[in-house]
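An overview of the molecular structure
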Amino acid sequence: MTIENLSMNKVFGGWHKQYSHYANTVNCDMRFAIYLPPQASNQNKVPVLYWLSGLTCTDENFMQKAGAMRIAAELGIAIVAPDTSPRGAEVADNDGYDLGQGAGFYVNATQAPWNRHYQMYDYIVKELPELIEEIFPVSDKRSIAGHSMGGHGALTIAMLNPERYSAMSAFSPISNPMNCPWGQKAFTAYLGKDKANWAKHDASELMKQSTHFVPAKVDQGSGDDFLKEQLKPQALIDAANINNYPLELNLHEGYDHSYYFIASFIEAHLRFHARFL
């Protein structure tokens, strides 16, 4: 596999590096960032936390704003942050911020024109980890986390692939996309009108039905403007209660949807993942 290094910065004894590569799953160039802690070497392969970002974000939002690398260096965990969608002049887009480029929702689109490029599920689950594990000094021990749209992606991908991920966590996830405007708009465009297909990518629906539990941690701010209309954490709590799913969900008074919230609690998430990695 051929990848191009775009930037590199030493930080907390390790390296933050940004790369571009052609991705067969999405039929275009994709960008990702990786943080390699100081423990990473060919003789010592480290586990990986995959971070999925939210609407409008790129790999840069988490790496620059979350303040995660100090703890990742201490714990010896690599972090991989992919982009949130395919991009480019030939890639289908929409005028809204919540559909198209920057808004891939981590599903495999089945509807034209989106299905030509928007195969983000396959990219995250298969192609990107294969590339990371081939090129970098990392092991096949993985966990997954994300924010908002990326929280939806992290929870659903882990529950659909429990054998691949040791743990999952999310900040302010879209917990029940079948029943919120963001999810309904994206799922209609990408997956069509059959809601049976939507349910396969709805964290609350999956949590009700799961038989192989992946340890789960979710944090949500009570001051989040999207809390009631879009995020619906109560649906996730109800689903966990139905199935006795091992979900830890914490509501934090006054915190909003921003990276100030993520930076406040990212250490707890990394330590949570370290217990299982």
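These numbers come from a predicted model, not from an experiment.

What counts, and where the lines are drawn
- Residues numbered from 1 in each chain as written.
- Predicted model: local features only at pLDDT ≥ 70, side-chain atom pairs only at ≥ 80, totals over all residues.
- Heavy atoms only, no water.
- Helix = DSSP H or I, 4+ residues; strand = E, 2+ residues; numbered from the N terminus.
- Rg over C-alpha atoms; globule rule 2.2 N^0.38 Å.
- Buried < 20%, exposed > 50% of the residue type's maximum accessible area, 1.4 Å probe, protein only.
- Contact = heavy atoms within 4.5 Å.
- Areas by Shrake-Rupley, 256 points an atom, 1.4 Å probe, with all protein chains shown as cover.
- Lys, Arg positive; Asp, Glu negative; His and termini not counted.
- Charge placed at Lys NZ, Arg CZ, Asp CG, Glu CD.
- Polar contact = N/O pair within 3.5 Å; in protein donor to acceptor, adjacent residues only side chain to side chain.
- Core = buried A, V, L, I, M, F, W, Y, C linked by side-chain atoms within 4.5 Å.
- Pairing = 2+ DSSP bridges.
- Axes fitted to C-alpha atoms, helices over the stretch in contact; angles between N-to-C directions.
- Phe/Tyr/Trp six-rings, centres within 6.5 Å; stacked < 30°, edge-to-face > 60°.
- Arc of directions from axis to C-beta.

**Quick word on the overall build of the protein chain**
- Looking only at helices and strands, one finds ten helices and nine strands in the protein chain.
- Relative to the globule expectation of 19 Å for 277 residues, the C-alpha radius of gyration of the protein chain, 17 Å, shows essentially globular dimensions.
- Along the three orthogonal principal directions, the C-alpha set of the protein chain runs to about 45 × 40 × 35 Å.
- Of all 277 residues assigned to the protein chain, the portion counted as buried reaches 59%.
- Across the protein chain, contacts joining residues at least 24 apart in sequence account for 72% of those joining residues at least 6 apart.
- Only carbon and sulfur atoms are counted for the fraction: they give 47% of the accessible area of the protein chain, which is about 11,200 Å².
- Separation between the mean location of the 22 positive side-chain charges and that of the 29 negative ones in the protein chain comes to 3 Å.

**Quick look at the side chain of T84**
- Topologically, T84 is positioned in the loop between β5 (78–82) and α3 (120–135).
- A polar contact is formed between the side chain of T84 and the backbone oxygen of C57, at a distance of 2.6 Å.
- With residues up to four places along the chain from it excluded, the contact list for T84 reads S53, G54, C57, G102, A103, G104, Y106, M120 and M149.

**Points about the nonpolar core**
- Counting 67 residues, the largest nonpolar core has F32, I132, I144, M168 and Y190 as the members making the most contacts within it.
- In terms of residue count, α3 provides more of this core than any other element does, eight residues in total.
- In this view, I132 contacts F32, I34, Y50, V80 and V138; residues no more than four positions away in its chain are not counted.
- Core analysis: the next-biggest nonpolar cluster, separate from the first, contains 23 residues, W51, A68, A73 and I262 among them.

**Things to note about the pairing of strand β8 (residues 216–221)**
- Among the six residues in β8, six count as buried, and that is most of the element.
- Residues A216, V218 and Q220 point to one face of β8 and K217, D219 and G221 to the other, with burial holding for every one of them.
- Of the pairings in the sheet, the one linking strand β7 (residues 168–171) to β8 comprises four bridges and is parallel in character. Opposite M168, over in β8, you have A216 as the bridge partner.

**Some thoughts on the sheet that holds β7**
- Spatial strand order, β1-β2-β3-β5-β4-β6-β7-β8-β9: nine strands in an open sheet with mixed pairing. A strand with exactly one partner marks an edge of an open sheet, and here the two such strands are β1 (3–11) and β9 (247–252). Each adjacent strand pair in this sheet contributes to an overall mean axis angle of 20°, direction not counted.
- Relative to strand β2 (residues 14–23), β1 runs antiparallel, the two sharing eight bridges. The residue bridging K10 from the neighbouring strand is W15, located in β2.
- Strands in contact with helix α4 (residues 149–160) are β4 (46–52), β6 (138–147), β7 and β8; relative to β6, the strand with the most contacts, it is inclined by about 135°.

**Structural notes on the packing of aromatic side chains**
- Considering all chains together, one arrives at 17 aromatic pairs under this definition.
- A centroid spacing of 6.2 Å and a plane angle of 50° characterise the contact between W51 and F171, whose relative ring orientation is tilted. With W51 in strand β4 and F171 in strand β7, this residue pair connects regions lying 120 residues apart in the sequence. In this pair, the class of W51 matches that of F171, namely buried.
- Ring centres of F261 and F265 lie 5.6 Å apart, and the angle between their planes is 70°; this geometry places the pair in the edge-to-face category. In this pair, F261 and F265 both sit in helix α10 (residues 259–276), four residues apart, roughly one turn of the helix.
- Judged by its relative accessible area of 0%, F261 is buried.

**Section: helix α9 (residues 233–243)**
- The set of residues buried in α9 consists of P233, L236, A239, A240 and N243. What you see down the axis of α9 is that its buried residues fit within an arc of 120°, all on one side. Turned more than 90 degrees away from the buried face of α9 sit N241 and I242, all of them exposed.
- On its buried face, α9 sits against α4, α7 (203–209), β8, α8 (227–231) and β9.

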